Structure formats: C-alpha cells, structure tokens
Amino acid sequence: EQVESVVIYWTTPFLRDKATLRLSEKFILLLILSAFITLCFGAFFFLPDNSKHKRFDFGLEDVLIPHIDSEKEASLRDKIRADHERALQEAKEKLRKSKEELKAEIQTEKTKVVEDLKKKDGPKPLPPVPMPKLVGVKDGDPGDPDTKEKRDKIREMMKHAWDSYRQYGWGHNELKPIAKKGHSTNIFGNSQMGATIVDALDTLYIMGLHDEFKDGQEWIKQNLDFSVNAEVSVFEVNIRFIGGLLAAYYLSGQEVFKVKAVQLAEKLLPAFNTPTGIPWAMVNLKSGVGRNWGWASAGSSILAEFGTLHMEFVHLTYLTGNPAYYQKVMHIRKLLAKMDRPNGLYPNYLNPRTGRWGQHHTSVGGLGDSFYEYLLKAWLMSDKTDTEARKTYDDAIEAIERHLIRKSNGGLTFIGEWKNGHLERKMGHLTCFAGGMFALGADGSPDDKAGHYLQLGAEIAHTCHESYDRTVLKLGPEAFKFDSGLEAVAVRQNEKYYILRPEVIETYWYMWRFTHDPKYRQWGWEAAQAIDKYCRVSGGFSGVKDVYSSNPTYDDVQQSFFLAETLKYLYLLFSSDELLPLENWVFNTEAHPLPVLVNQHLK
C-alpha cells in the first residue's frame, strides 16, 4: 500500500486533470517498467563518447544533433546523477512515513490541484471602474451626550444580535434565539447561505464593529457558494445578498464583495428567460430553472418583486461593463409603460407568459410597495438624470393619492388597498415605509408640491406611530384597520404580531433628516426601548405573536432584516446627518446604501 501511495504521489503532477484516479496494480507495474526503460535509454544516450563507436554515424550529426563538448556533457551527466540520487532519497523518506502521513500528503496535493484548476477556470477579472464619490461612511457623532448615549445603546443591541447569531447560528440564514440554533425559510431554498452575515455587514461597518465585520468577510470569502442546488427568491436574494454585498464593497473597498455579488447576479439572469422578459419569482441557482409562487394569481409574477431590481442591476452594469443587467430592468420598465393601468393604478400581479395583469389588486404595502420606491430611487441614484423614472413615479403617486389615500373619522391619514374596484380600509406595517418615501420624493415634485408631500409623509408617520402607541407593548401590529369605530388597531389575531420590522422606524429616520423635528427621535427611542424590553432574549432578539398582550409569546426568529434595517435606521436616527448623507447615497429596500452614480450614461 505504501508503494502504491508513493507512486500516486510521484505521478500526481502529471495527472492534474485526473487527480482522483485510482491506479490498478498492472498500471503501477507498467509505470515502473516505463521508468526503468527511460532510465536505460538516458544512460545509453549520455554515456561517454567513444572514438571507435559513433552513436549516430550518419555523417549528418553536426547538423541534426547539437554538438556537446566534454565539459558540458560531464556537467549534464552529474546533474542527472544528482537528480536520481535526490529522487531515491525522497522515495526512501516517503517509505519511512506512515500510511496516514502519506494520505495527508496526497490529499494536500489534490487540494492544490483543485485550487489551481479553480484559478484557471475561475471568473475573468472585472474591468477597473472609478469608485463613485463616497462621502460620510464613518463616525456620524451626534454631538450631544444624551443622543450619543442612545446611539451607543443601539450599537449594543446590534452587538447582542450579532454575537448571538455568531454563537448559535453561524453560517445559517437566520437564528432561532429561543432554541439557540440556525433557522431558514423557503425564500433561501434549502441552502445555508449565511443571509444574516451578508445582510448585517454594512450595519457592522458604519457602527465601527470592525472585528465583527472582518469575521463576516472571512466567512463570505471561504464559504459563500452560489453553485448550490437551491431554489431561491430572486427578489429576496437580490435585495439582501446583491444589495448587501454591493454596499459592503462600496463602504470597505474589499474586492471579494464585488466578485461575489457578480457571481450571484449571473445565477439570477436565467430567471428572465420568460416569453415577456418579466422574471420568475424563483430560480434554481444550479439549473437556472425558474417558476412562480403557486399562490400568486394563476402563476403571476409580483409587482414588488420584478419591480425591485433596478438599483442593484444598474450598479452591476456599472461595475462589470456588462449591459445585460441594465437592459433586463429597462425592458421591464418599457413593457409596463405600454400597458393599460386600471384607474392609473398598477395591479400587484402580472403573468410572465401572457404579459397580462392578474387580479386587480393594488397595494402600497406587501406585493406592491418597493416598486414605487425604486422608481423614485432610480431617479435619485442617477443623480436625477433618469427623468423617465421620476415621471413614472409622479404619475403612480398621483393615482395612489386619488384612489387609496383617505382620512379616518378620527383624522388619521392612511393608505388603503384597492381590491376589484373596492377600497379596503386597512393598512399594513409594510405600508408605513411610504411616509419616508413621500418625504424623500418631495423635492422635485411637479407643480410645486414639495410641501404637500412632506406634510403627507408626516401624516403617515403620525398614523403609524399611533398603531404602535395603541398597543400594550408599544410595538406595531402587522396590519391595522380604520372602520367600525376602531382606528389604527389590529382586529384579526393573525395580524397582531410584530416580527422586528423596520418600516415605521425607516419613516421616522427620513422625517428626521428632512425636518429635524425632535418628536421623530423620541418616537424612535420609544420603539427601541420596547424592542429591547419585549423582544430581547438571552439568545438574541425574537418577534412576538401579540402586541396587545402583556405576556406575549415569542415566534423564535431573529430576522436578518432586523440587523440590516431596523437597527441601522435606529443608529442613523441618533447619528448626525454627515453619516451617509442622502445627497450621496440611496438606500435599497433592505437599507443597503448604494452611491449616487454621477455622469453615468448606461445603455
């Protein structure tokens, strides 16, 4: 067995493309025989010349055979002998080693072969592109001690969430903080892709938690692999993974994040292989096969999913020089522009096979929300040159105001949902992001409506604060109604939960940036205290099932977006405006900051 191992070890460099081949005994004997013949031939060829016996006495030796003088020939002979002696010595040393040591050496050599092949067949280096202007990526000290103390508390909460994940769920997508083990959902398929690591990176960075950031970076470098047989949500993987990796790249300048983002993006492109170019909701990262959610209106794609790719895909084209990403999202925009819209509203469902709308359900909450957000942010990210995106946003918001926004009997402004010609007077927690969106889009509004939209943002923020304030835990429910005498209160039991969502705090932050009204910091601090009091457990942070109960049960999930969004927005709320200024950065829908691209005319 030792002889066999030695022969394999010796021959490995010559079998690099077949490193795992097992040699039969006959083949080993053949190898030994061929080596012996080669040795004899070498001895014959290089033996000292004899004047009576020319090796090749054809009269052409000076032409066909280079002349070797006696000194060079002696030197060459000595070199061959030395090589043979060294080879024999190495063989003796190998034979003295144990079977385990030989196996370890062979495995090391195999690993090196695999790594060399990966380098040979790996992705081509990305073209060098100028880094966009990066402003305010560090510090953001708020100045006054009271605000700084609150910001330090948010940082401590982030450290508790991260350290718990690091200890109990490392490498898993999310954490079960009560059971103290890893957790995943179907949006990530059946794979362990470290969603919390990727989602949390930029938050760690801006908070100055650099040791934790380096731990995450090392895991991504060594373990984040997209060649897995896993069916994932195109939307979720885009906003969390591609968005998170791009933000980490821009903030830190570490190339590994850019490379991984591009590798993943290439795996998402097959999702666009539909008759209309509207992507499937899910794609298998290995096979490229796509499909839609079974529950989504007769096989439809969802507006908030295929409409929330623009920011990340524009940056991918910028970084790679590959126009495919930009072309895919612009095709979606052009297709939507040609379609009739009932009452000027965009339905939540579109069939990717037929190009027709599904059921006429319109929402600024789940299923619709970030489509409108990305229209506005496409304009902002283009340094306000993408006027087509701005016009599309303005037209959509005008229709939403006309058909979906109402005032309750108690004076609360809310955004309802349009279902088959009827307005449902219910608002979701997800919809609460819209207050911040209206404020962000106020500047640049048509007909001098900037003041109007800033006020509308403030009214939505107030309504969403009421949904928090009217609960026992001072945390908002998943959805709340405005009828039957009840306002901003959840009615159904399955709408009373809070799963660490960020949308209300997101709106507080945007309103703070644009108004500096101290109530927004006060409201944010109320929410932070409630989260720390009712959601914090020894193994992290958990959602709660009933915000109206003084003794709630936990859902035992620490969502990755809690670290990506909720804690980031809280930290920014208690930081100065110099940290990630909105003139230079645009946040994707998972709160990953991407820089404004100045003077970039993509095609």
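The structure displayed is predicted, hence computed values, not measured ones. (Residues numbered from 1 in each chain as written. Predicted model: local features only at pLDDT ≥ 70, side-chain atom pairs only at ≥ 80, totals over all residues. Heavy atoms only, no water.)

K.L.:
Is there a simple way to explain the nonpolar core in this structure?
P.N.:
Here is a general trend for soluble globular proteins: nonpolar side chains tend to be buried in one another's company. Membership of the largest hydrophobic core comes to 162 residues, with the highest contact counts inside it found for Ile-154, Phe-241, Phe-438 and Ile-531. The element that contributes the greatest number of residues to this core is helix H9 (residues 234–252), accounting for twelve residues. Other than its neighbours up to four places away in sequence, Ile-531 contacts Met-157, Leu-475, Tyr-498, Leu-500, Ile-505, Arg-536, Phe-541, Phe-562 and Thr-566. (Core = buried A, V, L, I, M, F, W, Y, C linked by side-chain atoms within 4.5 Å. Buried < 20%, exposed > 50% of the residue type's maximum accessible area, 1.4 Å probe, protein only. Helix = DSSP H or I, 4+ residues; strand = E, 2+ residues; numbered from the N terminus. Contact = heavy atoms within 4.5 Å.)

K.L.:
What am I meant to see in the UniProt feature "binding site: Ca(2+)" (unreviewed entry) in the protein here?
P.N.:
The feature "binding site: Ca(2+)" (unreviewed entry), as given by UniProt, occupies Thr-589 in the numbering adopted here. Within the fold, Thr-589 resides in the loop between strand E18 (585–587) and strand E19 (593–595). Classification of Thr-589 as buried rests on a relative accessible area of 16%. Once residues lying within four places of it in the same chain are set aside, the contact partners of Thr-589 are Ile-239, Thr-308, Ser-370, Glu-373, Tyr-374 and Glu-565. A polar atom in the side chain of Thr-589 sits 2.8 Å from the side chain of Glu-373. (UniProt positions renumbered as here; feature names shortened; annotations may be inferred. Polar contact = N/O pair within 3.5 Å; in protein donor to acceptor, adjacent residues only side chain to side chain.)

K.L.:
Mind showing me how you'd approach the sheet that holds strand E5 (residues 290–291) here?
P.N.:
Two orientations exist for strands paired in a sheet by backbone hydrogen bonds: parallel and antiparallel. If you walk across this open sheet you meet the three strands as E3-E4-E5, and the pairing is antiparallel. Looking at strand neighbours, the two that pair on one side only are strand E3 (231–233) and E5, the edges of this open sheet. (Pairing = 2+ DSSP bridges.)

K.L.:
Just checking my understanding: could you explain the pattern of salt bridges for this structure?
P.N.:
A side chain with one charge can pair with a side chain of the opposite charge if their charged atoms come near. Enumeration according to the criterion identifies 31 salt bridges in this entry. Lys-377 is the salt-bridge partner of Glu-373, the closest N and O atoms lying 2.6 Å from each other. Of the two residues, Glu-373 and Lys-377 both sit in helix H14 (residues 369–381), four residues apart, roughly one turn of that helix. For the pair Glu-373 and Lys-377, a shared accessibility class is recorded, and that class is buried. Where Asp-532 meets Arg-536, a salt bridge forms, and the shortest distance between an N and an O atom there is 3.0 Å. (Salt bridge = Lys/Arg side-chain N within 4 Å of Asp/Glu carboxyl O.)

K.L.:
Any chance you could explain the pairing of strand E14 (residues 479–483) here in plain terms?
P.N.:
Looking along a regular strand, one sees side chains alternate from face to face of the sheet. Burial runs high along E14: four of the five residues are buried. In this structure, strand E13 (residues 426–428) lies alongside E14, joined through three bridges in antiparallel fashion. Paired with Lys-426 across the strands is Lys-481, a residue of E14. Pairing of E14 with strand E15 (residues 486–489) involves three bridges; the strand directions are antiparallel. Across the sheet, Asp-483 pairs through a bridge with Leu-486, a residue of E15. Taking the residues between adjacent antiparallel strands as the criterion, E14 and E15 are bridged by two residues, where Ser-484 takes a positive phi near 55 degrees.

K.L.:
What's the story with unusual backbone geometry in this structure? I'm lost.
P.N.:
Its identity as a non-glycine residue notwithstanding, Ala-298 has a phi of 55 degrees, on the positive side. Looking at Ala-298, the relative accessible area reads 72%, which means it is exposed. Here Asp-447, not a glycine, exhibits a phi torsion of approximately 55 degrees, which is positive. One can find Asp-447 in the loop between helix H16 (434–440) and helix H17 (450–469). A residue is classified by how much of its surface remains accessible, and Asp-447, at 67% relative accessible area, is exposed.

K.L.:
Explain helix H7 (residues 195–206) here, please?
P.N.:
For an α-helix, the turn length of 3.6 residues means that residues three or four places apart are oriented alike. Summarising burial for H7: twelve of the twelve residues are buried, a large majority. Buried residues of H7: Ala-195, Thr-196, Ile-197, Val-198, Asp-199, Ala-200, Leu-201, Asp-202, Thr-203, Leu-204, Tyr-205 and Ile-206, and no others. Positive backbone phi, approximately 75 degrees, marks Gly-208, located one or two places after H7.

K.L.:
Explain the packing of helix H8 (residues 210–223) against helix H10 (residues 255–268) to me, please; I cannot follow it from the model alone.
P.N.:
Working note: a packed helix pair is described by the angle between its axes plus the distance between those axes. Where H8 contacts H10, the axes come no closer than 10 Å and their chain directions differ by 45 degrees. Judged on the interaxial angle alone, H10 and H8 are oblique. When you trace H8 past H10, the crossing you get is left-handed. Taking contact as the criterion, the partners of Phe-213, Gln-217, Ile-220 and Lys-221 in H8 are, on H10, Val-256, Phe-257 and Lys-260. Its residues assigned to classes, the contact of H8 with H10 shows four nonpolar, one polar and two charged. (Axes fitted to C-alpha atoms, helices over the stretch in contact; angles between N-to-C directions. Parallel < 35°, antiparallel > 145°, perpendicular 65-115°, else oblique. Left-handed = near helix turned anticlockwise from the far one by under 90°. Nonpolar A, V, L, I, M, F, W, Y, C, P; charged D, E, K, R; others polar.)

K.L.:
I tried to follow the sheet that holds E15 on my own but got confused; where do I start?
P.N.:
Judged by pairing direction, the sheet is antiparallel, and its three strands sit side by side in the order E13-E14-E15 without closing on themselves. Looking along the sheet, the strands with just one partner apiece sit at the ends: E13 and E15. Strand-to-strand twist of the sheet, defined as the mean angle between neighbouring strand axes without regard to direction, takes the value 20 degrees.

K.L.:
For this particular structure, what's the right way to read the side chain of Asp-394?
P.N.:
Turning to its location among the elements, Asp-394 is positioned in helix H15 (residues 387–403). The buried category is assigned to Asp-394, whose relative accessible area is 14%. Excluding its chain neighbours within four sequence positions, the residues that come into contact with Asp-394 are Gly-444 and Pro-446.

K.L.:
I tried to follow helix H19 (residues 518–534) on my own but got confused; where do I start?
P.N.:
Taking 1.5 Å of rise per residue, the 17 residues of H19 would be expected to cover 24 Å, and the 25 Å separating its terminal C-alpha atoms lies within 8% of that figure. Of all the residues in H19, the buried ones are Tyr-520, Arg-521, Trp-523, Gly-524, Trp-525, Ala-527, Ala-528, Ala-530, Ile-531 and Asp-532. (Expected span 1.5 Å × (residues − 1).)

K.L.:
How do you make sense of the side chain of Thr-203 when you look at a structure like this?
P.N.:
Structurally, Thr-203 can be placed in helix H7. The class for Thr-203 is buried, based on a relative accessible area of 0%. Only 3.1 Å separates the side chain of Thr-203 from the side chain of Lys-568, close enough to count as a polar contact. Here Thr-203 is in contact with Met-158, Leu-563, Ala-564 and Lys-568, once residues within four sequence places are set aside.

K.L.:
Can you help me understand the environment of Asp-395 in this one?
P.N.:
Relative to the elements of secondary structure, Asp-395 occurs in helix H15. Considered as a pair, Asp-395 and Leu-345 are 50 residues apart in the sequence and their alpha carbons are 9.2 Å apart.

K.L.:
How do you make sense of the state of the cysteines when you look at a structure like this?
P.N.:
Covalent bonding between the sulfur atoms of two cysteines is what defines a disulfide. Evaluation of the coordinates by the stated rule reveals one disulfide. Note on cysteine connectivity: Cys-432 is disulfide-linked to Cys-464, with sulfurs 2.0 Å apart. The chirality of the disulfide connecting Cys-432 with Cys-464 is left-handed, given an S-S dihedral of about -95 degrees. Separated by 32 residues along the polypeptide, Cys-432 in the loop between E13 and H16 and Cys-464 in helix H17 bring together distant segments of the chain. Overall, the relative accessible area of 1% leaves Cys-432 in the buried class. In this structure Cys-464 comes out as buried when scored by relative accessible area, which is 1%. (Disulfide = S-S within 2.5 Å.)

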